[in-house]
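Chain and residue survey
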Amino acid sequence: MTKNALTEHQRGLLWLLDQLLGEEGPEGLRRFLKESTLHAVFFLASERGILPYDTAPVLFNWHGDTRYVCLSQEGLEDLTVLEKSGLIQRLELTGSHHGFFSAYRMTDGGRNEADAIPLEMRTKLEPLVQCDCGGRWVYTTGNERVYRSCPRCGAEEEIPCLEIPRLPYASRPHFPTLLRLSFPGENDKETV
């Protein structure tokens, strides 16, 4: 798949992954980005209207515990498209605190593609990776708390993707009036 086959927001997501992973040397270790971090980024992108994602509470294996997390199915679908395009790789890793967890890394083709993202698209997505002070946001996910912090200025921001949103829906019962059914001859008063 070429960059022309990707949608604009999928190309933007690729640039976002590149920025969140940071620079890598050509022969150095590959960096990985935990899937839980991406869910936090998707939540912010949805909440702020930066990417066309929507989040909803879904039962999910979150840091080794099955719980409700506000996830974006559209974000996951875009990750799948990027993976099938050979621009990113998804891996199942094991960690001392998380058991098995999913993580993503960029391929060389993905890095090259991310470098070609236009400036106007980068500018739109920058608030997800760059603090107002010019430092880079660090996303931290855990069992009880999700937040991002800036090591440069010390700013910290909660990301409420572990909270189930309160919806302003109200319902009231509706009891329909049933029609009386009868069969022919049932109510006839004929005598023989």
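Residues numbered from 1 in each chain as written. Predicted model: local features only at pLDDT ≥ 70, side-chain atom pairs only at ≥ 80, totals over all residues. Heavy atoms only, no water.

1. Remarks on helix α4 (residues 108-115)
Note on helix geometry: an α-helix contains 3.6 residues per turn, so any two residues three or four positions apart are oriented the same way. This is how the line gets drawn: The buried label goes to any residue with under 20% of its type's maximum accessible area, the exposed label to any with over 50%, and the partly exposed label to all in between, with areas taken from a 1.4 Å probe on protein chains only. A run of H or I in DSSP becomes a helix once it reaches four residues, and a run of E becomes a strand once it reaches two; helices and strands are each numbered from the N terminus. By construction, the arc corresponds to the directions joining the helix axis to the C-beta atoms.
Burial in α4 covers these residues: Gly110, Arg111, Glu113 and Ala114. All buried residues of α4 project into a common sector of 165 degrees when viewed along the axis, lining one side. The exposed set on the far side of α4, more than 90 degrees from its buried face, consists of Asn112 and Asp115.

2. A word on the side chain of serine 46
Applicable threshold: We call two residues in contact whenever any of their non-hydrogen atoms come within 4.5 Å of each other.
With respect to the secondary-structure elements, serine 46 resides in helix α2 (residues 35-47). Looking at serine 46, the relative accessible area reads 18%, which means it is buried. For serine 46, the residues in contact, after removing those within four places along its chain, are Leu51, Tyr53, Asp54 and Thr55.

3. Quick word on helix α1 (residues 8-21)
Counted only if it meets this: An expected span of 1.5 Å times one less than the residue number is assigned to each helix.
For α1, with 14 residues, the first-to-last C-alpha span of 20 Å sits near the 20 Å given by 1.5 Å per residue. The buried count for α1 comes to eleven of 14 residues, which makes it a mostly enclosed element. Those residues of α1 that sit buried are Gln10, Arg11, Gly12, Leu13, Leu14, Trp15, Leu16, Leu17, Asp18, Leu20 and Leu21. In the segment just after α1, glycine 22 is the residue with positive phi, at about 80 degrees.

4. Some points on the packing of α1 against helix α3 (residues 73-84)
What counts is decided by this rule: Fitting a line to C-alpha atoms yields each axis, with helices limited to the stretch in contact; the angle taken between N-to-C directions then spans 0 to 180 degrees. Working definition: roughly parallel below 35 degrees, roughly antiparallel above 145 degrees, roughly perpendicular at 65 to 115 degrees, and oblique for all remaining angles.
Between α1 and α3, whose axes approach to 10 Å, the crossing angle comes to 80 degrees. As judged from the angle between their axes, α1 and α3 are roughly perpendicular. For the pair α1 and α3, the contacting residues are His9, Gln10, Leu13, Leu14 and Leu17 in the first and Gly75, Asp78, Leu79, Val81 and Leu82 in the second.

5. Details of the pairing of strand β7 (residues 146-149)
Our working rule: The pairing criterion is simple: DSSP has to find at least two bridges between the two strands.
Burial of the side chains of β7 extends over both faces: Val146 and Arg148 are buried on one face and Tyr147 and Ser149 on the other. Pairing of strand β6 (residues 138-141) with β7 involves four bridges; the strand directions are antiparallel. In the sheet register, threonine 141 faces β7, and the bridge partner there is valine 146. Between the antiparallel neighbours β6 and β7 lie four residues.

6. Points about the packing of α1 against α4
Filter applied, for reference: Residues are grouped as follows: Ala, Val, Leu, Ile, Met, Phe, Trp, Tyr, Cys and Pro are nonpolar; Asp, Glu, Lys and Arg are charged; all remaining types, including Gly, are polar.
Two numbers describe how α1 lies on α4: the axes approach to 9 Å, and their chain directions differ by 110 degrees. On the basis of their axis angle, the class for α1 and α4 is roughly perpendicular. Facing Arg11, Leu14, Trp15, Asp18 and Leu21 of α1, the residues of α4 in contact are Gly110, Arg111, Glu113, Ala114 and Asp115. Of the residues in the contact of α1 with α4, the class split is four nonpolar, one polar and five charged.

7. A few points about the environment of glycine 64
As for its position among the elements, glycine 64 is in the loop between β2 (56-62) and β3 (65-71). Note on glycine 64: relative accessible area 55%, which makes it exposed. Each C-alpha atom, one on glycine 64 and one on asparagine 143, is 8.5 Å from the other, the two residues being 79 residues apart in sequence.

8. What to know about the side chain of glutamate 35
Secondary-structure assignment places glutamate 35 in helix α2. Those residues in contact with glutamate 35 that sit more than four places away from it in its chain are Phe60, Leu76, Arg90, Ser102, Ala103 and Tyr104.

So far we have only geometry, and geometry alone does not tell us how the molecule works.
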